[in-house]
Amino acid sequence: MRILQCGVAYSPNVGDGLIAACMAHAVERLLPGAEFRSLDIAGREGFAEEDRRAGGPFGRATLLRLLSALPPSLRRFAVRRHLSAKLSALEPGWRRALEEADAVILGGGQILADADLNFPLKIGRLARLAAEAKGGAGLPLAIHAAGVTGGWSGEGRTLFALLADTRLAAIGLRDAGSVEHWLDQADFGPPPMLTRDPGLLTAAAFPRPRGGDRRAGPVGLGIADPALLSYHAEGGVAGAGIDFQVALAATLAAEGNDVLLFCNGAEEDANALDCVAAHPRLARLVASGRVRAAPRPLVPAALAGIVAGCGGMVAHRLHALIAAYSYGVPAVALGWDRKVASFHEQVGRGAYTLTDGAAAVEDIAATLRRAVADPVPDIERAAAADAALQDMARTLAALGLPVETAPRAGVARGTAA
């Protein structure tokens, strides 16, 4: 039995790979012996090696700046022209992967989003091929733990609606906001249901080594490229800017914390991290070891290892925050997209989210102190992991796969986990 997961599993932002790895872990628990494969709809075939060209003259950061300067109609035209040729080249490989599969899972991650037709074009092409597979009989397909944004264009809606031509068995969305956006913009398929983010299984898929007190680790400060956040932001960005991140690192260190600068792996974020770590204001702290930079994670296990070693965290990136919750690391979420606040609200950590673009460094440091004083209860994070596993069981059952009663996720409890 072969299950084909379609998303962006090999994105340089390895938070997306973490989703796929946790899905694979869930399938292994629920359907022993099943083969789980990932098809990256951006055309990647594996995790990237170290590549720091994103800030160069032809890097993605430059392209995003150019796109941002264009009117929406011209941005969509440019993306459509580029992607149409690329997707046509990828199509034979996608057909082969679909023919070899028995079922398709589309998700997770924020893939039901229309940023200049990027995902609508990719998912529309995938939907057509899934409907044509198996001699026209099609493949059973389920959406699982996907994020949905508002503001789809008319063309984006038309492309996403090609999913209605597939054997769409279930629509699982990861938060209430995504369900709301789906109901506002899509009028096809089964009723959407909440399916928790597979990243809640991070501690089960990548267990922390036993021994030691997890509270003794450094404060992880997740660095994200300000331009990249702004391009995708739904509103203001809290804690944005290199100088702000430098000031925050200095403040956290002045309060007696060791500070670990890290990123989720995107090239732009890694370049921003380098800028923070090399800033003159942090030179003495870096020389003393009070502030240090983690290597750029190139695979999901590396990101999981960074997060697992932290005693607290401040971050923008959703899957750094989800992994932190899974390991019981108290975290402060810095808002830029509704999905960040939605996750913290879903797991009862909404008090530790800052969405105000005017939030000061002192506000963030104070919020982190409160979060650390109010640790994530082990019983609650274990229950969240169990619920994520049960949600995957429900999706597999909707696809007609022989799932029996789902086992517990197996997230370890206790500070020595």
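Report follows, based on the coordinates. Just so you know, these numbers come straight off a predicted model, no measurement behind them.

### Regarding the packing of helix 9 (residues 242-254) against helix 15 (residues 361-373)
Across the interface, helix 9 lies against helix 15 with an axial gap of 9 Å and an inter-helix angle of 45°. Viewed along their axes, helix 9 and helix 15 adopt a mutual orientation that is oblique. Our pair here, helix 9 against helix 15, has a crossing hand that is right-handed. Counting all contacts with helix 9, which are made through F244, A247, L248, T251 and L252, the residues of helix 15 involved are V361, I364, A365 and L368. Among the residues forming the contact of helix 9 with helix 15, the class breakdown is 8 nonpolar, 1 polar and no charged.

### Here's the deal with the sheet that holds strand 12 (residues 331-334)
One open sheet holds the 6 strands; their spatial order is 10-9-8-11-12-13, and the pairing between them is parallel. Either end of the sheet is taken by a strand with one partner, and the two such strands are strand 10 (291-293) and strand 13 (353-354). Pairing of strand 11 (residues 312-315) with strand 12, which is carried by 3 bridges, proceeds in the parallel orientation. Across the sheet, the residue bridging to V314 is V332, located in strand 12. Contacts from helix 10 (residues 267-277) reach strand 9 (259-262) and strand 10 within the one sheet, and its direction differs from that of strand 9 by about 145°.

### Thoughts on the pattern of salt bridges
Per the stated rule, a full pass over the model turns up 19 salt bridges. Across the pair D40 and R44 runs a salt bridge, and its minimum N-O distance is 3.2 Å. Owing to a relative accessible area of 3%, D40 belongs among the buried residues under this scheme. On the basis of relative accessibility, which here comes to 30%, the residue R44 falls in the partly exposed class. With a closest N to O distance of 3.1 Å, R95 and E91 form a salt bridge. Of this pair, R95 and E91 both sit in helix 3 (residues 72-99), 4 residues apart, which is roughly one turn of the helix. With relative accessibility at 34%, the residue R95 sits in the partly exposed group. Classification of E91 as buried rests on a relative accessible area of 14%.

### A short note on the packing of aromatic side chains
One pair of aromatic rings is described through two measures. These are the centre distance and the angle between the planes. Inspection of every chain in the model, using the stated rule, returns 5 aromatic pairs. Consider the rings of W152 and F160, whose centres lie 4.5 Å apart with planes at 45°: the pair is tilted. A single burial state applies to W152 and to F160, both of which are buried. Between the aromatic rings of Y325 and F343, the centroid separation amounts to 6.1 Å while the plane-to-plane angle is 90°, which identifies the pairing as edge-to-face. Taken together, the residues span a long stretch of sequence, with Y325 in helix 13 (residues 318-327) and F343 in helix 14 (residues 338-346) at a distance of 18 residues. Assessed through its relative accessible area of 5%, Y325 is described here as buried. Taking relative accessible area as the criterion, F343 reaches 5% and is therefore assigned buried. Clustering of aromatic rings is evident, with ring pairs tying together W152, F160, W182 and F188. Sitting over the face of the ring of F119, K122 holds its NZ or CZ atom 5.6 Å from the ring centroid.

### Thoughts on unusual backbone geometry
For residues other than glycine, phi is negative in most cases, and the peptide bonds are mostly trans. In this structure, the amide linkage connecting G107 to the following residue, G108, adopts the cis form with an omega of -10°. We note that D116 has phi near 60°; this positive angle belongs to a residue other than glycine. Along the chain, D116 turns up in the loop between strand 4 (109-112) and helix 4 (118-132). Overall, the relative accessible area of 8% leaves D116 in the buried class. Although it is not a glycine, K134 sits at a positive phi angle of roughly 60°. By the secondary structure assignment, K134 is in the loop between helix 4 and strand 5 (140-148).

### Things to note about the environment of R2
Its location among the elements puts R2 in strand 1 (residues 2-7). Beyond its immediate chain neighbours, meaning those up to four positions away, R2 contacts E35, R37, E100, A101, D102 and A103. Among the polar contacts made by the side chain of R2, one reaches the side chain of E35 at a distance of 3.1 Å.

### Concerning the nonpolar core
Ranked by internal contacts, the top residues of the largest apolar core, which has 61 residues, are I3, L201, F262, M313 and L396. When residues in this core are grouped by element, the largest group, 8 residues, is from helix 13. Setting aside residues up to four positions removed in sequence, I3 forms contacts with V27, L31, E35, F36, R37, A103, I105, L396 and L401. Listed in part, the 42 residues of the second largest apolar core include I41, V79, A97 and L112.

The rules behind each value
- Residues numbered from 1 in each chain as written.
- Predicted model: local features only at pLDDT ≥ 70, side-chain atom pairs only at ≥ 80, totals over all residues.
- Heavy atoms only, no water.
- Axes fitted to C-alpha atoms, helices over the stretch in contact; angles between N-to-C directions.
- Helix = DSSP H or I, 4+ residues; strand = E, 2+ residues; numbered from the N terminus.
- Parallel < 35°, antiparallel > 145°, perpendicular 65-115°, else oblique.
- Left-handed = near helix turned anticlockwise from the far one by under 90°.
- Contact = heavy atoms within 4.5 Å.
- Nonpolar A, V, L, I, M, F, W, Y, C, P; charged D, E, K, R; others polar.
- Pairing = 2+ DSSP bridges.
- Salt bridge = Lys/Arg side-chain N within 4 Å of Asp/Glu carboxyl O.
- Buried < 20%, exposed > 50% of the residue type's maximum accessible area, 1.4 Å probe, protein only.
- Phe/Tyr/Trp six-rings, centres within 6.5 Å; stacked < 30°, edge-to-face > 60°.
- Lys NZ or Arg CZ within 6 Å of the ring centre and 35° of its normal.
- Polar contact = N/O pair within 3.5 Å; in protein donor to acceptor, adjacent residues only side chain to side chain.
- Core = buried A, V, L, I, M, F, W, Y, C linked by side-chain atoms within 4.5 Å.

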